[in-house]
Amino acid sequence: MKKKTGLIISLLFLLSMVATACTVETPTPKGDLLDQVKERGTLIVGTEGTYKPFTFHDEKTNQLTGYDVEVAQEIGKRMGVKVEFQEIPWDGMLTSLQTKKIDMVANQVGVKPERQEKFDFSKPYAVSYAQIVVHQDNQDIKEIEDIKNKKAGQTPTSNYGQLAVQKGAEIISYEDMMSAFRDVAAKRVDLSLNDRLAIAEALKNSKLPLKTVGEQIDRSESAFPIPKGNPKLLAEINKALDSMRADGTLAKISQKYFGEDIST
């Protein structure tokens, strides 16, 4: 009986040791994120892939392309690493960055104080303004003050969604700009606020019954956010942007997509 009791105690002890070993967490990699990027040889970049002309799929090749995509690819090239894009809906993108599932976001992220508390931002690589889109028949909305109590189709956490809230609009949530525009065209929502360059591209190639109204407002600088506390990675990104600006590459990419230099 004593032998059996001793055997049982020994087995229980071994089982507890195994359980303890299984619950030990894998050590979190330390050091600057740049070291990890260099080691794996890849910069992982989050983008929508549905926000033309910044990030979208070419209709002929289905390849991911756009202003933000090309600028990010050039940054990777100058850092000596490949760029791997992960396509993520806007409202999940910054969360993915915060949880370090991605290294950087290339998606016209406006530099805002509340975002700077959570992320570090590169130097700006694009400057633009917001504009209002309404149905062609709409006569009620002529300027930004008119959107109060109107239904605005927006991605809620975007610059433009936040601006619509500030101006008193009721937000109807959408994952991307074109989905919101289609519902403005169908009169399910009254308006949508977005980047004036993205709007111009969307309306140029669209048969949707839409128009822009009011002045261009809310000057916005876009930059690449990365997880906080990675100064070496941030310095490398800025170094690449500085060299692209100095040798004209940034202006050349901008001219390709907009016919003007939006980088300053």
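Everything in this summary refers to the structure shown in the same document. (Residues numbered from 1 in each chain as written. Predicted model: local features only at pLDDT ≥ 70, side-chain atom pairs only at ≥ 80, totals over all residues. Heavy atoms only, no water.)

Focus: helix α10 (residues 249–258)
Put simply, the test is: Exposure categories follow from relative accessible area, calculated using a 1.4 Å probe and restricted to protein chains: below 20% of the type maximum is buried, above 50% is exposed, and the middle band is partly exposed. Counting from the N terminus, the helices are the DSSP runs of H or I reaching at least four residues and the strands are the DSSP runs of E reaching at least two. Within this analysis, the arc is defined by the directions that extend from the helix axis to the C-beta atoms. Any two residues having at least one pair of non-hydrogen atoms within 4.5 Å are treated as being in contact.
Residues of α10 that are buried: T249, L250, I253, S254, Y257 and F258. When α10 is viewed along its axis, its buried side chains cluster within an angular range of 145° and face the same direction. Residues K252 and K256 are exposed on α10 and point more than 90 degrees away from its buried face. Looking at the buried positions of α10, the neighbouring elements they touch are β2 (56–57), β3 (64–65), α3 (67–79), α8 (196–204) and α9 (231–246).

Digging into the packing of aromatic side chains
The line we're drawing: The pairing test for Phe, Tyr and Trp rings, Trp by its six-membered ring, is centres within 6.5 Å, and the orientation test on the planes gives stacked under 30 degrees, edge-to-face over 60, and tilted for anything in between.
Tallied over the entire structure, the rule returns 5 aromatic pairs. Cluster of aromatic residues (ring-pair linked, three or more members): Y51, F54, Y67, Y125, F224 and F258.

Let's talk about empty space enclosed by the protein
The criterion, for reference: As defined here, a cavity is a set of points on a 1 Å grid over the protein atoms alone where a 1.4 Å probe fits but cannot get out. A pocket is an open set with protein on both sides within 12 Å along at least five of seven lines, and residues line them when an atom is within 4 Å of a point. Grid points are joined across faces, edges and corners, and a volume is the space filled by probe spheres set on the points.
Taken as a whole and judged by the stated rule, the model has 1 cavity of 30 Å³ or more. In this structure, the largest cavity is lined by 19 residues; those nearest its centre are E48, Y51, T155, S158 and N194. At the level of elements, β9 (151–154), α6 (159–166), α7 (177–185) and β11 (191–195) are the ones that each hand at least two residues to the lining of the largest cavity.

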